[in-house]
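So you can see what is in the structure, the chains are spelled out below.
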Amino acid sequence: METEKDERLWRIARKRAAFKKSLYSYIIVNAFLWGIWWFSDGQYHGYYSYPWPVWVMLGWGLGLAFQYFKAYNGDKEDLANQEYERLKREKGL
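My aim in this report is to walk through the structure given alongside it, one point at a time. (Residues numbered from 1 in each chain as written. Predicted model: local features only at pLDDT ≥ 70, side-chain atom pairs only at ≥ 80, totals over all residues. Heavy atoms only, no water.)

## Details of the overall build of the protein chain
- From N to C terminus, the protein chain includes three helices and zero strands.
- Burial analysis of the protein chain (93 residues in total) assigns 15% to the buried set.
- Of all intrachain contacts in the protein chain linking residues separated by at least 6 positions in sequence, the fraction that spans at least 24 positions is 62%.
- Split by element, the accessible area of the protein chain, about 7700 Å² in all, is 66% carbon and sulfur. (Helix = DSSP H or I, 4+ residues; strand = E, 2+ residues; numbered from the N terminus. Buried < 20%, exposed > 50% of the residue type's maximum accessible area, 1.4 Å probe, protein only. Contact = heavy atoms within 4.5 Å. Areas by Shrake-Rupley, 256 points an atom, 1.4 Å probe, with all protein chains shown as cover.)

In structure tokens form, the structure reads like this:
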């Protein structure tokens with residue numbers, strides 16, 4: 001039983017570490033893209049200064065949000081265990 005709990009904790013730890021790594025990459029790459037936009041044509045505020053990095057941020061950010069939810073709000077197994085424990089309490093077992 002203890003080994004099963006340890007494996008579950010390691011799985012959660014790996015998901016959270018992967019999320020943090022993805023978040024750091026997201027911040028660095030998007031800062032770089034905004035810098036490219038700013039120094040190429042963003043500072044002139046003309047017709048060509050459309051802020052195209054916003055699309056990268058939105059798309060990647062959506063994927064990052066799903067990764068956050070999976071890493072910090074549990075998985076199906078945890079939710080099933082919680083529901084099972086709730087049902088046991090209701091039935092008085």
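## Focus on the pattern of salt bridges
- What the rule picks out here adds up to three salt bridges.
- For the salt bridge of glutamate 7 with arginine 14, the shortest nitrogen-to-oxygen distance reads 3.3 Å.
- A residue is classified by how much of its surface remains accessible, and arginine 14, at 47% relative accessible area, is partly exposed.
- One salt bridge in this structure joins glutamate 83 and arginine 86, with 2.3 Å as the shortest N-O distance. (Salt bridge = Lys/Arg side-chain N within 4 Å of Asp/Glu carboxyl O.)

## Notes on the side chain of asparagine 30
- Position of asparagine 30 among the secondary structure elements: in helix 1 (residues 2-40).
- You can call asparagine 30 buried: its relative accessible area is 4%.
- At a separation of 2.9 Å, a polar atom in the side chain of asparagine 30 contacts the main-chain carbonyl oxygen of tyrosine 26.
- Beyond its immediate chain neighbours, meaning those up to four positions away, asparagine 30 contacts Pro53, Val56, Met57 and Trp60. (Polar contact = N/O pair within 3.5 Å; in protein donor to acceptor, adjacent residues only side chain to side chain.)

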